[in-house]
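Residue-level structural notes
Listed here are the chains, written in short residue letters.
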Amino acid sequence: MGWRRPLGTGVAVLAVATVAVGVLHMPFARGLLVCAGGCPFGRATLAELEPARLAAIRSKRGTEAAPSRPALGFDLDRTARKDVDAWAERVHVACEEVREGLLTCNDVPASTLGLPAADGPIQKLSLGFNTHGHLVDVSTMRMHLARTETVRDVERSLEAQVGVPHQSSGAFDDAHLTAEGPASLASTRYRYRDYFAEVVAARFSSDGLVLREHYMSAND
């Protein structure tokens, strides 16, 4: 969390945002928009969004507790905003509060989240907090990944920690991920009583291999 940088800074940021919004609004993720704090371009306050977030979670969660709840080194329901601020200062990562309860950090070195540095930076890390100021949502977007093995490593690591996915589509292998557009889409998801997780990968002509990870508390 190297990749080539053919775009100017402003255009690159726009490209990341475009892909992020596009992936979030694909059919498999549409139902989780509100769980992730709603569309980042909305105007609702955190207090207004919280009931909808909880209602969406309750309608989708399973009956069993997750064996573990990995979230890129963060502790869901326990990590506070001050803890994230301290982490960002310690690892020299710039983060911005784009709306109440939603913090985004750009170009985050992979090593700061315990990931292989060789895979290059995470273009966007999003951190969502509930009304109590506790971290409940972590998502990442990585673009122009050089190796499909990176995607497989994420998928395998999550399965080793959390178990067999509750739902999956596509395949996290070279044959599938070297296609382009919708044909390359692969996803795996978990829906426990207290934890949701999702890994989505796809290849685009302009952005290369894109990987999105999403980890979320499903507790009330």
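These numbers come from a predicted model, not from an experiment.

Another aspect to go through is the overall build of the chain. Secondary structure assignment for the chain yields 6 helices and 8 strands. Counted from the first residue to the last, the chain has its helices and strands arranged as α-α-α-α-β-β-β-β-α-β-α-β-β-β. The buried share of the chain, reckoned over its 220 residues, is 50%. In the form shown here, the chain has an accessible surface area of approximately 10300 Å², with 54% of it arising from carbon and sulfur atoms.

Looking only at helix α4 (residues 81–91), the buried set comprises Val-84, Trp-87 and Ala-88. Down the axis of α4, the smallest arc covering the buried residues is 95°, so these residues share one side. Those residues of α4 that are exposed and angled more than 90 degrees off the buried face are Lys-82, Glu-89 and Arg-90. Looking at the buried positions of α4, the neighbouring elements they touch are β1 (95–99), β2 (102–108) and β3 (122–129). Of the residues flanking the end of α4, it is His-92, one or two places downstream, whose phi is positive at about 60°.

On to the state of the cysteines. Evaluated as defined, the whole model comprises 1 disulfide. Through a disulfide, Cys-95 is tied to Cys-105; the S-S separation comes to 2.0 Å. Between Cys-95 and Cys-105, the S-S dihedral sits near 100°, and the bridge is therefore right-handed. With a gap of 10 residues between them, Cys-95 in strand β1 and Cys-105 in strand β2 connect regions that are remote in the sequence.

For the structure shown, the criterion picks out 2 aromatic pairs. Both rings, one in Phe-74 and one in Trp-87, keep their centres 5.4 Å apart while their planes meet at 75°; by these two values the pair is edge-to-face. Residue Phe-74 is found in the loop between α3 (46–60) and α4, and its partner Trp-87 is found in helix α4; the two are separated by 13 residues along the sequence. Overall, the relative accessible area of 10% leaves Phe-74 in the buried class. Over the aromatic face of Phe-196 sits the side chain of Arg-191, whose NZ or CZ is 4.9 Å from the ring centroid.

Before going further, it helps to spend a moment on the layout of surface pockets. Estimated volume of the second largest pocket: approximately 250 Å³. Lining the second largest pocket are 18 residues, with Leu-72, Leu-115, Val-154, Ser-157 and Glu-213 sitting closest to its centre. Of all elements in the fold, only α5 (148–162) and β8 (208–217) reach the threshold of two or more residues within the lining of the second largest pocket. The element that contributes the greatest number of residues to the lining of the second largest pocket is α5, accounting for 6 residues.

Our focus in this paragraph is the pairing of β2. Within β2, 5 of the 7 residues are buried, which leaves the element mostly enclosed by the surrounding structure. The pairing of β1 with β2 spans 4 bridges and is classified as antiparallel. Note that in β2 the partner of Glu-96 across the bridge is Thr-104. Strand direction decides the pairing type here: β2 and β3, joined by 6 bridges, are antiparallel. Residue Leu-103 lies in a different strand from β3, and its bridge partner there is Leu-127.

Here Leu-72, not a glycine, exhibits a phi torsion of approximately 60°, which is positive. Counting through the fold element by element, Leu-72 comes out in the loop between α3 and α4. Its identity as a non-glycine residue notwithstanding, His-92 has a phi of 60°, on the positive side. The topology assignment puts His-92 in the loop between α4 and β1.

The next subject is the environment of Val-138. Following the sequence through the fold, Val-138 ends up in strand β4 (residues 135–145). When its relative accessible area of 0% is taken as the criterion, Val-138 is described as buried. With 79 residues separating them in the primary sequence, Val-138 and Ser-217 have C-alpha atoms 9.1 Å apart.

Here is what the cut-offs are and how they apply
Residues numbered from 1 in each chain as written. Predicted model: local features only at pLDDT ≥ 70, side-chain atom pairs only at ≥ 80, totals over all residues. Heavy atoms only, no water. Helix = DSSP H or I, 4+ residues; strand = E, 2+ residues; numbered from the N terminus. Buried < 20%, exposed > 50% of the residue type's maximum accessible area, 1.4 Å probe, protein only. Areas by Shrake-Rupley, 256 points an atom, 1.4 Å probe, with all protein chains shown as cover. Arc of directions from axis to C-beta. Contact = heavy atoms within 4.5 Å. Disulfide = S-S within 2.5 Å. Phe/Tyr/Trp six-rings, centres within 6.5 Å; stacked < 30°, edge-to-face > 60°. Lys NZ or Arg CZ within 6 Å of the ring centre and 35° of its normal. 1 Å grid on protein atoms, 1.4 Å probe; cavity = no way out; pocket = protein on both sides within 12 Å on 5 of 7 lines; lining within 4 Å. Points joined across faces, edges and corners; volume = space filled by probe spheres on them. Pairing = 2+ DSSP bridges.

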